[in-house]
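Listed below are the residues making up each chain.
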Amino acid sequence: MLMVVAASSCNRDDVVTITLEDEHYRPATAASSPSWSRVVEYTPAPGQYIGDSEFAGFTGEELTAADAVAYATRRLSEGKFLSLGGFGGYVIVGFDHSVDNVEGYDLAIRANSYEGSSEPGIVWVMQDLNGDGLPNDGWYELRGSETGAATTLQRYSVTYYRPSADGQSVEWSDSEGATGTVDYLGSFHPQPSYYPAWIDAASYTLTGTRLEARNYDKSGNGSLWVQPSYGWGYADNFSEVDIVDKTTNLFDIANAIDTQGVSVELKYIDFVKVQTALNTKSGWIGENSTEVVDFSDYGLANRLK
């Protein structure tokens, strides 16, 4: 594999061009499917749907990371929502081919947003440069409407702490020095704990990009919470710019940026990660948690029409 990286400076308007002659690139064939082919990892933050059997389909037997992946695979295969929990929770999927960076939109992510209820998720992409089939190379964030805003925090972290008893809220602390809780809402989701059962550690930390929360109580008495949409570039976001069929957000690999906010030119990607972008809650509705339903190679799907 030959990789050449060229960049004149680290200004946000610069573009890092990555030229690859890569034996691990997997071109689409006649047998390739536009849809995701496997869930590679599912690590949600605590949330009201984590461990929930009635609404989210957990069985109570999800006790290992492999069990969690099997659960997520089943949910997405059945076309049902997969909750990522509070801030930082994520799922990673792969395809049976490399997704090409074509003209226009390349990826489609279906979720369950609707007008007044957006729970945006940051979208990340990765190339399998070492060819081992694992997402252990570098992640690139896809730029959205809030990228570069003073209120957007990159490399923001939240640490979640396992409750000491059933029926308790999950406490958290963040990299900004704030603390809070993912509230236990037993009237709606009475599972013993919202902390993922397969995470053995007494605490775990999730890091990603945080957007400024915009949710508010329209009623003034806590009965009507509104979760407004963001401009564009996020999953589970009822955007007027990049949503189709009222459920599916579209994404362009050309919007990839590195950790410094510098644009990166990628000819293809192999993995997609969606990660909850908000650390906020809406009263009785609970924490804002990104949900996803499906992932597809939008460019390939259009070529097959």
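Heads up: these notes are all about the structure in this document.

## As for the layout of surface pockets
Empty space within the largest pocket amounts to approximately 460 Å³. Every residue lining the largest pocket is counted, 22 residues in all, and those nearest its centre are Tyr 49, Tyr 114, Ser 117, Glu 119 and Ile 285. Classifying every residue of the lining of the largest pocket gives 9 nonpolar, 9 polar and 4 charged. Put simply, the second largest pocket is a space of about 330 Å³. Within the lining of the second largest pocket, the residues separate by chemical class into 10 nonpolar, 7 polar and 4 charged.

## Side note on the pattern of salt bridges
Pairing of side chains with opposite charge becomes possible as their charged atoms draw close. This model, assessed by the stated rule, comprises 4 salt bridges. Of the charged contacts in the structure, one is a salt bridge between Glu 78 and Lys 80, with a shortest N-O distance of 3.3 Å. Across the pair Lys 281 and Asp 183 runs a salt bridge whose closest N-O atoms are separated by 2.9 Å. Here Lys 281 is found in the loop between strand E19 (268-276) and strand E20 (291-292), whereas its partner Asp 183 is found in the loop between strand E11 (179-182) and strand E12 (203-210), with 98 residues between them in sequence. A relative accessible area of 25% places Asp 183 in the partly exposed class.

## Quick word on the side chain of Ser 282
By secondary structure assignment, the location of Ser 282 is in the loop between E19 and E20. Overall, the relative accessible area of 0% leaves Ser 282 in the buried class. Engagement of the side chain of Ser 282 in a polar contact is seen with the side chain of Asn 215, the distance being 3.0 Å. Only 3.3 Å separates the side chain of Ser 282 from the side chain of Asn 288, close enough to count as a polar contact. Excluding residues within four positions of it along the chain, Ser 282 makes contact with Asn 215, Trp 225, Gln 227 and Asn 288.

Reading the values: rules and limits
Residues numbered from 1 in each chain as written. Predicted model: local features only at pLDDT ≥ 70, side-chain atom pairs only at ≥ 80, totals over all residues. Heavy atoms only, no water. 1 Å grid on protein atoms, 1.4 Å probe; cavity = no way out; pocket = protein on both sides within 12 Å on 5 of 7 lines; lining within 4 Å. Points joined across faces, edges and corners; volume = space filled by probe spheres on them. Nonpolar A, V, L, I, M, F, W, Y, C, P; charged D, E, K, R; others polar. Salt bridge = Lys/Arg side-chain N within 4 Å of Asp/Glu carboxyl O. Helix = DSSP H or I, 4+ residues; strand = E, 2+ residues; numbered from the N terminus. Buried < 20%, exposed > 50% of the residue type's maximum accessible area, 1.4 Å probe, protein only. Polar contact = N/O pair within 3.5 Å; in protein donor to acceptor, adjacent residues only side chain to side chain. Contact = heavy atoms within 4.5 Å.

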